[in-house]
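Reading the structure
One-letter residues, chain by chain:
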Amino acid sequence: MQESYTAEEIAEFLGADIRGDKDAQIYGLNTLNNAGEGELSFFSNPLYKKELDGTKASFVILSVEDSSDYAGSCFIVENPYLAYAKISHWFCSDKTKRLANGGPPKIEENAFISSGVVIGNDSIVGDFSKIGSNVSIGSNVKIGKHTRIFPNVSIYDDVVIGDNVIIHSNSVIGSDGFGMARREDGSWEKIAQLGIVNIGNDVEIGACCTIDRGALGNTTINNGVKLDNHIQIAHNVVIGENTVMAAYCGIAGSSVIGKNCVFGGDVCVVGHVEVCDSVMITARTLVTKSISKPGSYSSGTTPLMDTKSWRKNAVRFTQLDTIAKKLNKIKNID
Amino acid sequence: MQESYTAEEIAEFLGADIRGDKDAQIYGLNTLNNAGEGELSFFSNPLYKKELDGTKASFVILSVEDSSDYAGSCFIVENPYLAYAKISHWFCSDKTKRLANGGPPKIEENAFISSGVVIGNDSIVGDFSKIGSNVSIGSNVKIGKHTRIFPNVSIYDDVVIGDNVIIHSNSVIGSDGFGMARREDGSWEKIAQLGIVNIGNDVEIGACCTIDRGALGNTTINNGVKLDNHIQIAHNVVIGENTVMAAYCGIAGSSVIGKNCVFGGDVCVVGHVEVCDSVMITARTLVTKSISKPGSYSSGTTPLMDTKSWRKNAVRFTQLDTIAKKLNKIKNID
Amino acid sequence: MQESYTAEEIAEFLGADIRGDKDAQIYGLNTLNNAGEGELSFFSNPLYKKELDGTKASFVILSVEDSSDYAGSCFIVENPYLAYAKISHWFCSDKTKRLANGGPPKIEENAFISSGVVIGNDSIVGDFSKIGSNVSIGSNVKIGKHTRIFPNVSIYDDVVIGDNVIIHSNSVIGSDGFGMARREDGSWEKIAQLGIVNIGNDVEIGACCTIDRGALGNTTINNGVKLDNHIQIAHNVVIGENTVMAAYCGIAGSSVIGKNCVFGGDVCVVGHVEVCDSVMITARTLVTKSISKPGSYSSGTTPLMDTKSWRKNAVRFTQLDTIAKKLNKIKNID
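Bear in mind that the values here come from a model prediction, so they are computed numbers and not experimental data. Throughout this description, residue numbers start from 1 for each chain and increase along the sequence as written. The order in which chains are written sets their letters, starting at A; the order in which ligands are written sets their numbers, starting at 1. Totals for whole chains, interfaces and linings use every residue, but because this is a predicted model, local features are given only for residues with pLDDT of at least 70 and side-chain atom pairs only at 80 or more, for both listing and counting. Water and hydrogen atoms play no part in the side-chain values, which are based on all heavy atoms of the structure.

Along chain A, the regular secondary structure elements total six helices and 38 strands. For chain A, the C-alpha atoms occupy an extent of roughly 80 × 60 × 35 Å along the three principal directions. Taking the contacts inside chain A whose residues are at least 6 apart along the sequence as the reference set, 23% of them involve residues at least 24 apart. In this description, accessible areas are obtained by the Shrake-Rupley approach with a 1.4 Å probe, and a residue is regarded as covered only by the protein chains that are shown. Split by element, the accessible area of chain A, about 13,300 Å² in all, is 49% carbon and sulfur. Here a helix means four or more residues in a row that DSSP labels H or I, a strand means two or more in a row labelled E, and each is numbered from the N terminus. In this analysis, two residues are considered to be in contact whenever any of their non-hydrogen atoms come within 4.5 Å of each other.

Residues and elements named next belong to chain B. Backbone geometry at Asn152 places phi at a positive 65°, although glycine is not the residue there. Along the chain, Asn152 falls in the loop between strand S15 (148–149) and strand S16 (154–155). Only protein chains enter the accessibility calculation, which uses a 1.4 Å probe. A residue is then buried if its area is under 20% of the maximum for its type, exposed if over 50%, and partly exposed in between. For Asn152, a relative accessible area of 0% translates into the label buried.

Before going further, it helps to spend a moment on the interface of chain B and chain A. With 63 residues of chain B in contact, the opposing surface of chain A contributes 53 residues. What counts as buried area is the accessible surface, traced by a 1.4 Å probe, that two parts surrender upon association, with contributions from both included. Between chain B and chain A lies a buried interface of about 4,600 Å² when both sides are counted; carbon and sulfur atoms form 60% of it. Each reported salt bridge corresponds to a side-chain nitrogen of Lys or Arg within 4 Å of a carboxyl oxygen of Asp or Glu. Here chain B is connected to chain A by three salt bridges. The salt bridge involving B:Lys190 is made with A:Glu204; its shortest N-O contact spans 2.7 Å. Pairs of N or O atoms within 3.5 Å make up the polar contacts considered here, provided that, within protein, one atom can donate a hydrogen while the other can accept it, and that residues adjacent in sequence are counted only when both atoms are side-chain atoms. Run the count over chain B and chain A and you get 37 residue pairs in polar contact (both at pLDDT 80 or more). Of the residues forming the side of chain B that touches chain A, the biggest block, six residues, is contributed by helix H5 (residues 307–317) of chain B. Its residues placed into classes, the side of chain B that touches chain A shows 28 nonpolar, 24 polar and eleven charged. Pairing between strands is defined by DSSP: at least two bridges between them are needed. In this structure, strand S38 (residues 302–306) of chain A lies alongside strand S37 (residues 295–300) of chain B, joined through three bridges in antiparallel fashion. Only Asp, Glu, Lys and Arg are considered charged in this grouping, and only Ala, Val, Leu, Ile, Met, Phe, Trp, Tyr, Cys and Pro are considered nonpolar; every other residue, Gly among them, is considered polar.

Let us look at the relation of the copies chain C and chain B. The operation relating chain C to chain B is a screw motion whose rotation component is 120°, with 0.0 Å of axial translation and a residual RMSD of 0.1 Å. Viewed as a symmetry operation, the transformation between the two copies matches a three-fold axis. In this comparison the copies share one frame, found by least squares on the C-alpha atoms of residues holding pLDDT of at least 70 in both.

Our next topic: the packing of aromatic side chains. Residues and elements named next belong to chain C. Here is the rule: rings of Phe, Tyr and Trp (six-membered ring for Trp) pair when centre to centre is within 6.5 Å. Planes less than 30 degrees apart are stacked, more than 60 are edge-to-face, and the remainder are tilted. Applying the stated criterion to the full structure yields 24 aromatic pairs over all chains. Ring centres of Tyr5 and Trp90 lie 4.7 Å apart, and the angle between their planes is 55°; on these two criteria the pair is classed as tilted. Placement of Tyr5 in strand S1 (residues 5–6) and of Trp90 in helix H4 (residues 80–100) is noted, with a sequence separation of 85 residues between them. Here Tyr5 falls in the buried class, since its relative accessible area comes to 10%.

Once that is clear, we can look at the confidence of the model for chain A. Values of pLDDT, which run from 0 to 100, indicate the predictor's confidence residue by residue. Per-residue confidence for chain A averages 94 on the pLDDT scale, and 96% of its residues sit at or above 70. Across the interface, the model reports ipTM at 0.95; the global pTM reads 0.96.

Here we come to the domain arrangement of chain A. How large an interface is tends to be reported as the accessible area lost when its parts come together. Residues and elements named next belong to chain A. Just so you know, the domain bounds were taken from an automatic or database domain assignment. Parsing chain A into structural domains produces domain 1 (5–100) and domain 2 (171–297). Centre-to-centre, using C-alpha coordinates, domain 1 lies 27 Å away from domain 2. Three residues, Leu82, Tyr84 and His89, lead the burial of domain 1 against domain 2; their summed loss comes to 32% of the area buried on that side. Counting every contact that joins domain 1 to domain 2 gives zero salt bridges. On the surface where domain 1 and domain 2 come into contact, there are two residue pairs in polar contact (both at pLDDT 80 or more). Here the element with the most residues in the side of domain 1 that touches domain 2 is helix H4 (residues 80–100); it accounts for ten residues. Per-class residue counts for the side of domain 1 that touches domain 2 are nine nonpolar, five polar and three charged.

This part covers the sheet that holds strand S31 (residues 256–257) of chain C. All names here are of chain C. The strand order across the open sheet formed by nine strands is S8-S11-S14-S17-S22-S25-S28-S31-S34, and the pairing between neighbours is parallel. Looking at the sheet topology across the chains shown, the edges are occupied by strand S8 (106–107) and strand S34 (274–275). With two bridges connecting them, strand S14 (residues 142–143) and strand S17 (residues 160–161) associate as parallel partners. When the bridges of S17 are listed, Lys142 appears paired with Val160.

With that settled, the discussion passes to the interface of chain C and chain B. Facing 62 residues of chain C, the contacting portion of chain B comprises 53 residues. Summed over both partners, the interface of chain C with chain B buries about 4,600 Å², with 60% contributed by carbon and sulfur atoms. Taken as a group, C:Phe178, C:Trp188 and C:Arg316 account for 14% of the area that chain C buries against chain B, more than any other trio of residues on that side. Run the count over chain C and chain B and you get three salt bridges. A salt bridge links C:Asp266 to B:Arg284; its shortest N-O distance comes to 3.0 Å. Classifying every residue of the side of chain C that touches chain B gives 27 nonpolar, 24 polar and eleven charged.

With respect to the helices and strands, A:Asp228 occurs in the loop between strand S26 (226–227) and strand S27 (232–233). B:Lys190 provides the closest opposite charge to the buried, unpaired A:Asp228, separated from it by 9.7 Å. A distance of 3.1 Å separates the side chain of A:Asp228 from the backbone nitrogen of A:Ala247, its partner in a polar contact. Sequence-distant contacts of A:Asp228, that is, excluding residues within four places in its chain, are made with A:Gly206, A:Cys209, A:Met245, A:Ala246, A:Ala247, B:Phe178, B:Asp212 and B:Gln232. The sign given to each residue is positive for Lys and Arg and negative for Asp and Glu; His and the chain ends receive no count.

Right, let's get into the packing of helix H6 (residues 320–329) of chain A against helix H6 (residues 320–329) of chain C. Every angle, taken between N-to-C directions, lies between 0 and 180 degrees, and every axis is a line fitted to C-alpha atoms, over only the stretch in contact when it is a helix. Running from N to C, H6(A) and H6(C) point in directions that differ by 40°, and their axes come no closer than 11 Å. Taken together, the axes of H6(A) and H6(C) are oblique relative to one another. At the point where H6(A) passes H6(C), the crossing takes the left-handed sense. Facing A:Leu320, A:Ile323, A:Lys326 and A:Leu327 of H6(A), the residues of H6(C) in contact are C:Leu320, C:Ile323, C:Ala324, C:Leu327 and C:Asn328. Here the contact of H6(A) with H6(C) is composed, by residue class, of seven nonpolar, one polar and one charged. Note on terminology: angles under 35 degrees are roughly parallel, angles over 145 are roughly antiparallel, angles of 65 to 115 are roughly perpendicular, and the others are oblique. In this scheme the crossing of two helices becomes right-handed for a clockwise turn of the near helix relative to the far one and left-handed for an anticlockwise turn of less than a right angle.

Residues and elements named next belong to chain A. Surface patches are drawn from residues lacking salt bridges whose relative accessible area is over 30%; two like charges belong together within 9 Å, two nonpolar side chains (Val, Leu, Ile, Met, Phe, Trp, Tyr) within 5 Å. By convention, charge coordinates are those of NZ in Lys, CZ in Arg, CG in Asp, or CD in Glu. On the surface, Glu8, Glu9, Glu12, Asp21 and Asp23 cluster together into a patch of negative charge. Within the secondary structure layout, Glu12 lies in helix H1 (residues 7–14). Judged by its relative accessible area of 67%, Glu12 is exposed.

Here the focus is the pairing of strand S6 (residues 59–62) of chain A. Residue and element names in this part refer to chain A. Taking every second residue as pointing to the same face, both faces of S6 are buried, with Phe59 and Ile61 on one and Val60 and Leu62 on the other. The crossover handedness rule: strands pointing away from the viewer, path from first strand over the helix to second strand clockwise, crossover right-handed. You can see the chain leave strand S5 (residues 39–42), run along helix H2 (residues 49–54) and come back into S6, and the turn it takes is right-handed. With three bridges joining them, S6 and strand S7 (residues 74–76) adopt parallel strand pairing. Looking at S7, one finds that Leu62 is bridged to Ile76.

Counting across every chain of the model gives 30 salt bridges over all chains. A salt bridge links B:Glu108 to B:Lys106; the nearest nitrogen and oxygen atoms lie 3.6 Å apart. One connected set of salt bridges, linked through shared partners, spans A:Asp266, A:Arg284, B:Asp266, B:Arg284, C:Asp266 and C:Arg284.

All names here are of chain B. By the secondary structure assignment, Pro294 is in the loop between strand S36 (286–287) and S37. Accessibility expressed as a relative area gives 52% for Pro294, which makes it exposed. Expressed as a C-alpha distance, the spacing of Pro294 and Ser278, which sit 16 residues apart in the sequence, is 5.2 Å. Contacts of Pro294, omitting those with residues within four sequence positions, involve Cys276, Asp277, Ser278 and Val279.

The next point concerns the side chain of B:Ser136. With respect to the element layout, B:Ser136 can be found in strand S13 (residues 136–137). Taking relative accessible area as the criterion, B:Ser136 reaches 1% and is therefore assigned buried. Reaching out from B:Ser136, the side chain makes a polar contact with the side chain of A:Ser133 at a distance of 3.0 Å. Excluding anything up to four places from it in sequence, B:Ser136 contacts A:Ser133, A:Asn134, A:Pro151, A:Asn152, B:Val118, B:Val153, B:Ser154 and B:Ile155.

All names here are of chain C. Here we have five strands laid out as an open sheet, ordered S2-S7-S6-S5-S4, and mixed in their pairing. Looking at which strands have only one partner, the edges of the open sheet turn out to be strand S2 (17–19) and strand S4 (28–29). Pairing between S2 and strand S7 (residues 74–76): three bridges, direction antiparallel. Across the sheet, Arg19 pairs through a bridge with Cys74, a residue of S7.

By the element assignment, A:Tyr248 lies in the loop between strand S29 (244–245) and strand S30 (250–251). Judged by relative accessible area, A:Tyr248 falls into the buried class, the value being 5%. It is 18 Å that separates the C-alpha atoms of A:Tyr248 and A:Val275, two residues lying 27 residues apart in sequence. Apart from residues no more than four positions distant in its own chain, A:Tyr248 is found in contact with A:Asn229, A:His230, A:Ile231, A:Asp266, A:Val267, B:His230, B:Ile231, B:Gln232, B:Tyr248, B:Cys249, B:Gly250 and C:Tyr248. Of the polar contacts made by the side chain of A:Tyr248, one reaches the backbone oxygen of B:His230; its length is 2.6 Å.

Structure below.
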C-alpha cells in the first residue's frame, strides 16, 4: 500500500500556512499539469500561471502574493521552490522503502547475464537480452527483449528499456537530474528526482553517456533514436523518434527535441525549449531558443585560422557594436 | 575455419542484381582500398571513384548508375550504403561465433589481476601488467607488458594494447563507432563495426575517454600519445606519435592527426580531414578542414566580456555580412 | 618510517651538478611555496621567481642560469621541468609500498556495501554511508557519514570525501592529473601525481565526472558544491563553497573558483586563473583570464541562425580586423 501524509503534517514540516482540509491525505508530488486527486504540486514560475489555474492537484505550494489569486487548497510559504525541494524527499523515501521490500529479479530463460552483474529487486531482463560484465542494474528496472547492455553500464531504479536496444559501456541511465533550490544562507537544497527514464525500442546509446531521470514525470528517449558517445540528456527531456546525435551533444532540462532530427557533434540545447521535427544542426551550435521550422541551423565557432589572425579578429569582435554604430553614422551610403 | 557466404546468398538477402560468379565465396567485408580476393566492398561516395577503379575486392555493392562504369563483379542495388549496413552484420556474427569458442585467457606470471575483473576467451595480459578492480576485458584482447588499467575500464573484443600503457578509470576502448544508414521509412540501420582499436606503447589515456573501434579497418593510437580525460576518438581515426590532447578533445570519424601535435582543451576535429605533424591548436577550436602546414591554429569562442557587452556584440555578429557590404559601398577610402 | 634518498643519489639519477650537502636526506617533493625541511622542489617558470627566493625547500632543481641567482642548495640541470618529472616517480613508488602494507578497510557498523564493491587497505567508510554495486575504492580512502556512492564509481588511493556527499555513477575521483615534460626526442615523461583530492561535506557530483588528484598538493572541492554530469576538474583546482556548475564544465589545472558561483553548461576555464566569489558565467563561455569582480560574464558562441546566414557572417568574421581598420580610415564621422 502506498504511503501518504496528511496536509497538516506537510504544513508543519514546511512551516506553511495551510488553506483547505488539514486531514486530506497526500500520496504524491507532481507537476501542475499532471497532478491529480491526492497529489501535491507547487507554483513558483509566473510562466506557469495558466497551469496553476487549471491544475487538479489537491494542494499547491505557493507564495502569499500568488495565493490571493488561487481559489484551491494550498500551502502558503515564503519560497515555494525551496519548500518543494524540501518536501520532495518525503516522496522519495517512500519509493526507497517499496524497492527494498521487492522480490528477486526475473531473468527470462534465454537472457544472458555476464559475470559481476548486480541486479536489484523486482527487475526484469527480457528474452535473448545480454547483460555485459560488471553492469549494475537497480530495482524495478524493466529491460526488454534482444537488448544488449555492455560492461560497466549503470542503470538506476525504475528505468524502463525497450526491445533491441544497445547501450555501450560506462553509460549511466537514470541518474538524478541536476535540480536544487537555494536556501537563505546560500547553500543548496537538493530536489529529489522522482521521475524515471523511459527508453523505447531500437535505440542505441553510445559509451559514457548520461541520461538523467525526470524530476517529476519522465525523461523519454523514443523509438529508433541513436546517440553517439559522451551525450548528456537532462531531466524531463524528450527525444523524438529516429533522431540522431553525434558525440558530446547535451540537451538541458525539459527541452523537447522532435523526430528525425540530425545533430552534429557537441550541439548543446538550453533548457525549456522545443525543437521541431526534421531539424539539422551543425557541429558545436548552441541552441538558445525554440526552433519551429524544419531546416538547418548553426551558431557557434568562427572559422579556422592561424592563431595570430584569429586573435586580431577576435579582439575586433569586442568592438563590433561600436563598429556598427560608427558605420550607421556615415551619411550617403547608397 | 573462417565462415563464408556465396555471392548468390548475399544477392538474395540484399535483393540485389548480381553480376559475376554466383558461386563465388565471400569471406569478408572491407574498404575499396583494402579489400582483396574473397572480400566484398561497397561504393556510395563519388569521392572514392578512384578507389573503385583500383579495388581488388571480389565483389562491390553499387548503384545502377555506377555499375555501368564498373567492369568488375558487383551487386547492383538502389541504396548501396544501406545494403552495406545490412550485410555488415553477417560478418560480425561470424566473429561472435569464433570468440565464443576460444580458450581461457592467458595471464602472464607477474601480471596482477584485481578483484572483480572479468576477462574473455583468448585474451592475454602481459608480464608485470596490472588490471584494476572491476575492469571488463572482452575476448581476444592483447595487453602488453608493464601496462596499467585502472578500475572500471571497459575493453571490448579484439582490442590490442601495447607496453607501458596507462588507461585511467571508466574509459571505454573498442566501443562501436557511430555508423548507420537511413532506411526509406526514416529509421536507421546500424552498420556493424568490424574493425579494432590498436594502441601502441607508452600511451596514456585519461578517465572517461572513449575510443571507438573501426568500422572496417582500425582505429590507431600510436606510440607515446597522451590523452587527458573525456576524450572521444571516433572510428578509423589515427593519432600520430607523441601527440597530446587536453580534456574533451573529440576527433570525428576517419580523421588522421599527425605526430607531435598539441591540442588544447575541447578541440574538435570534424570527420575525414587530415592534420599534419607539429600542429598546435588552441582551446575550443573547431577544425573544419585539413591542415597541411605546421603552426598554431584557432577558431572559436570570442573573448570574455561582461554578459551585457557580449550580448550587444553577439547581436552585431548576425549583421556582420551587411556591415561589410555597406562598408564596401563607401567610396574614396584610401 | 618514511623512505628517503640522499642528495647524492638524486644528483646521480638526474645527471645533475649538486651544490650543498651530498649526504642530506630528501623525504619528499613539493612546490616552492609548500616545501619544507627535507623536501625537494623545482624552479622552471620565471613567474615563480619570488617563490624561489622565499622557499624553505632543502634542495631546488634549477638551470645553470637560474642557479647563479640562488644562494641555497640545488641540483643544476639543463631542463629542470623534465628533471622534476623524472624524479617525481621516486616519491610515488614510496607511497605505493606504504599502501600495499596497510591493514584491512574499516567499514562502520551502519554503512552499507553493495555487491561487487572492492575496497583497498586502510580505507574507511563512515556510518550510514552507502556504497553502490561494483564501486572501486582504492587504499587509504576516507569516506564520511551519510555519504552515497552510486554504482561503478572509481575512487583512487588517498582520496578524502566528507559527510552527506553524493557521487553519481561512473564518476572518477582521484585519477592522475594531466602532467608531463617533453624529452629531447619529442616523447613525454609523465609527472607522477603525488597529491590527493579533498571533497568537503554536502557536495553532489554528477555521473561521468572526473576529478583529478593534485600533482603536488591537493585538488579541493569545498562544502556545498554541486556538479552536474560530465564535469572535469583538473589537478590542483579549488572550487569554493556552494558553487554550482552545469554539465560539461571543465576547469583546467591550478585554477581557483570562488564561492557561490553559478556556471552554465559547458563553461571552460583555462589553467592558472582565479575567478572570484559570486560570478555567474553563461553557457559555453571560455574563461581565458582571471575575474576579480562579481557579476555575469560571457564569451563564446554567436547567436543561432539558419546555416546559410550563419556561414555568410562567419566568413566576415575572418575579415573583421580589416573591416575595422577600413572604417577607421574614414574621416569626418561624427
